[in-house]
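Summary of structural features
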Amino acid sequence: MNPFEQNAKDIQKTYKNWKTINVKPYDKEAVDPYTRVRTILMNGTEFEAIWNTARWSRHCANNDVRRGMALIRRGEQQQQKRIACLKPRNETILEHTIGYEQLAVDLTAILAQREKNAYVKKQMDFALLEDFDHLYRYADLLDFERGVHAEKLVGSYTEIMPGRPTVSEARHPGDDVRFYINNFLNDPVTRLNIAIITAAEQQTMNYYLNVANLYDTELGRKLYSEIAMIEEQHVTGYGCLSDPTVDMFTCMVMHEYTECYLYWSCMQDEADARIRDIWQMHFEEELSHLKFATEMMEKYEGKVWQQIFPEGGAFPEPLKFSPQKSYIREVLKSVRLTGHAESFADVGELPDGYRFFGYNRAVQGNVRSLASHTVIEKTIKKFGKDYRFEEKAHPIRELSGREEVNADLARIKGA
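Residues numbered from 1 in each chain as written. Predicted model: local features only at pLDDT ≥ 70, side-chain atom pairs only at ≥ 80, totals over all residues. Heavy atoms only, no water.

What to know about the overall build of the protein chain
What the protein chain contains, in helices and strands, is 14 helices and two strands. Taken over the C-alpha trace, the protein chain has a radius of gyration of 22 Å; the compact-globule value for 415 residues is 22 Å, and the two agree within 12%. Considering only C-alpha atoms, the protein chain reaches an extent of 60 × 50 × 35 Å along its principal axes. The long-range fraction of contacts in the protein chain, counting pairs at least 24 apart against all pairs at least 6 apart in sequence, stands at 84%. A total accessible area of about 17,300 Å² is found for the protein chain, and carbon and sulfur atoms account for 51% of it. Here the protein chain contributes 54 positively and 62 negatively charged side chains, and the mean placements of these two sets differ by 3 Å. (Helix = DSSP H or I, 4+ residues; strand = E, 2+ residues; numbered from the N terminus. Rg over C-alpha atoms; globule rule 2.2 N^0.38 Å. Contact = heavy atoms within 4.5 Å. Areas by Shrake-Rupley, 256 points an atom, 1.4 Å probe, with all protein chains shown as cover. Lys, Arg positive; Asp, Glu negative; His and termini not counted. Charge placed at Lys NZ, Arg CZ, Asp CG, Glu CD.)

Focus on helix H7 (residues 188-211)
Here H7 is 24 residues long and its end C-alpha atoms lie 35 Å apart, about the 34 Å a rise of 1.5 Å per residue gives. A large share of H7 lies buried, amounting to 19 of its 24 residues. Two or three places before Val-189, at the opening of H7, Asp-187 has a side-chain oxygen 2.8 Å from that residue's backbone nitrogen. (Expected span 1.5 Å × (residues − 1). Buried < 20%, exposed > 50% of the residue type's maximum accessible area, 1.4 Å probe, protein only. Polar contact = N/O pair within 3.5 Å; in protein donor to acceptor, adjacent residues only side chain to side chain.)

A look at the nonpolar core
Among the nonpolar cores identified, the biggest contains 104 residues, and Leu-41, Ile-98, Leu-107, Ile-160 and Trp-279 are the most heavily contacted of them. Here Leu-41 is in contact with Leu-103, Leu-107, Ile-196, Ala-200, Leu-262, Leu-319 and Phe-321, once residues within four sequence places are set aside. One finds Ala-345, Leu-350, Phe-356 and Phe-357 within the second-largest nonpolar core, a separate group that totals six residues. (Core = buried A, V, L, I, M, F, W, Y, C linked by side-chain atoms within 4.5 Å.)

Description of the side chain of His-134
Structurally, His-134 is set in helix H5 (residues 118-146). Within the structure, His-134 has its side chain in polar contact with the side chain of Glu-231 (distance 3.1 Å). In contact with His-134, not counting residues within four places along its chain, are Glu-101, Thr-166, Glu-169, Ile-227, Ile-230, Glu-231 and His-234.

Brief notes about the pattern of salt bridges
Summed over all chains, the structure comprises 30 salt bridges. Measuring nitrogen to oxygen at the nearest pair gives 2.8 Å for the salt bridge that ties Glu-159 to Arg-329. You can see Glu-159 sitting in the loop between helix H6 (151-154) and H7 and its partner Arg-329 sitting in helix H12 (residues 325-331), a full 170 residues away along the chain. One network of salt bridges, in which partners are shared, links Glu-130, Arg-164, Arg-171 and Asp-176. (Salt bridge = Lys/Arg side-chain N within 4 Å of Asp/Glu carboxyl O.)

As for the packing of aromatic side chains
Across all of its chains, the model carries 23 aromatic pairs by this definition. A ring pair is formed by Tyr-34 and Tyr-157, whose centres lie 4.5 Å apart and whose planes are at 20 degrees; its orientation type is stacked. Separated by 123 residues along the polypeptide, Tyr-34 in helix H2 (residues 33-57) and Tyr-157 in the loop between H6 and H7 bring together distant segments of the chain. Between Tyr-119 and Phe-179, the ring centres sit 6.0 Å apart and the planes meet at 40 degrees, which makes this aromatic pair tilted. Here the residue Tyr-119 occupies a position in helix H5, and Phe-179 occupies one in the loop between H6 and H7, the gap between them amounting to 60 residues. An aromatic cluster is defined as three or more aromatic residues linked by ring pairs; in this entry it consists of Phe-4, Tyr-257, Tyr-261, Trp-264, Trp-305, Phe-309 and Phe-315. Sitting over the face of the ring of Phe-144, Lys-382 holds its NZ or CZ atom 5.1 Å from the ring centroid. (Phe/Tyr/Trp six-rings, centres within 6.5 Å; stacked < 30°, edge-to-face > 60°. Lys NZ or Arg CZ within 6 Å of the ring centre and 35° of its normal.)

Thoughts on the packing of helix H3 (residues 63-85) against helix H9 (residues 248-269)
Contact pair H3 / H9: the axes reach a minimum separation of 13 Å and the direction vectors enclose 25 degrees. In terms of orientation, H3 and H9 fall into the roughly parallel class. Note that H3 runs across H9; the crossing there is left-handed. Across the interface between the two elements, Val-65, Met-69, Ile-72, Glu-76, Gln-79 and Ile-83 from H3 touch Phe-249, Met-252, Glu-256, Glu-259 and Tyr-263 from H9. (Axes fitted to C-alpha atoms, helices over the stretch in contact; angles between N-to-C directions. Parallel < 35°, antiparallel > 145°, perpendicular 65-115°, else oblique. Left-handed = near helix turned anticlockwise from the far one by under 90°.)

Brief notes about the environment of Phe-357
Structurally, Phe-357 is set in helix H13 (residues 355-364). Under the relative-accessibility criterion, Phe-357 is labelled buried at 8%. Phe-357 sits 18 residues away from Gly-339 along the chain, and the two C-alpha atoms are 11 Å apart. Not counting the four nearest positions on each side in its chain, Phe-357 is found in contact with Val-347, Leu-350, Pro-351, Asp-352, Arg-411 and Lys-413.

Let's talk about the pairing of strand E2 (residues 343-346)
Where strand E1 (residues 337-340) and E2 come together, four bridges link them in antiparallel fashion. Paired with Gly-339 across the strands is Phe-344, a residue of E2. Hairpin connection between E1 and E2: a loop of two residues separates the two successive antiparallel strands, and Ala-341 in this loop has a positive phi of roughly 55 degrees. (Pairing = 2+ DSSP bridges.)

Details of unusual backbone geometry
Backbone geometry places Ala-341, a non-glycine residue, at a positive phi of 55 degrees. Secondary-structure assignment places Ala-341 in the loop between E1 and E2. Looking at Ala-341, the relative accessible area reads 26%, which means it is partly exposed. For Ala-410, which is not glycine, the phi torsion reads 65 degrees and is therefore positive. With respect to the secondary-structure elements, Ala-410 resides in the segment after helix H14 (371-383).

Remarks on H5
Between its terminal C-alpha atoms H5 stretches 41 Å, which fits the 42 Å expected from 29 residues at 1.5 Å a residue. With 22 of 29 residues buried, H5 lies mostly within the body of the structure. The opening residue of H5, the one whose side-chain oxygen lies 2.9 Å from the backbone nitrogen of Tyr-119, is Asn-117. One or two residues past the end of H5 sits Gly-147, with phi positive at roughly 70 degrees.

Points about the environment of Asp-408
Locating Asp-408 in the fold gives a position in the segment after H14. Look at Asp-408 and you get partly exposed, because its relative accessible area is 26%. For the pair Asp-408 and Val-367, spaced 41 residues apart in sequence, the C-alpha separation works out to 9.2 Å. In this view, Asp-408 contacts Arg-368 and Ala-415; residues no more than four positions away in its chain are not counted.

Here is the structure:
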């Protein structure tokens, strides 16, 4: 599939009325977990596209260009509203959060395994273990407060157990900055991977920032705030991978290309026929957005799409969701890593005075009073052990105990 070779409607004919936007939500009791995950992914992708042109409009002096971006952005807004309507009202903030973290875990694992750039893959594997731990912390909150087992929500596709402990994830800001990746010296799949994972993590950060003060218990409010800070670190790390040297027209075309690819992938992967029709509708609309964006780029920048996609522009294999349990268990072997300038290092190998230790102590304080630690302790006290969904024993001995919380691993030397 090459989106540049497809027939596309005039962008002016892609707008829809509210009847087509206010669609029926999925049934939270019957929905396939990966349908929920795709909904969250595409909602975040639309947010990213909307804010990309919104930011650019504030730095663009040409009102004709601004009007062009507004045409695209209005369509993206309609798509986002339609996707947002798919979430049912009776799906709680915390239940929806389980979907966010399942997306973060399985999407990152899938992208990492197809990533050819070792540096980008390292960043993905690194953040993967932190999102994996967040899923565990939220799942225990769900069990402790609601008596609901998150394995029902993830459909047993994704294991739920500790990753790199959340208390160990707070790093000095300088250790989340990465080198950028040159767009034209790397495989085009790398460009897609960076765009997809950055949008997904940014949406997670925004969601937690917005719902933290809406959550109905103090423990939950604190947990969302704590994890939202870590998600900001992920957005910094992933965002730094993007090539800052590309012009804004190229950036806009790349955003539309990414959306086309993701909706096309969703069409291939979706089991729910009604929602698959939505993905197809959005794919056809995105073809119009992509065509319009390339025409703007050629008119105002004098650049054609073949200069961005010298390899031809055909999509790689579609992104399809499937369980990633074996891969994640393998990545867990690197649980003791932390950020070290633009790279990574085992906590035990850092100099004693390295900034990670001072920052973590200063910001975290008594880690045993933090929500990410407290929620596990409270669950253990209430039920005699933490909540997990494991198909076999945890591969890291220090994280295998279900009647105690490890707050030192990847934070204290020798732990």
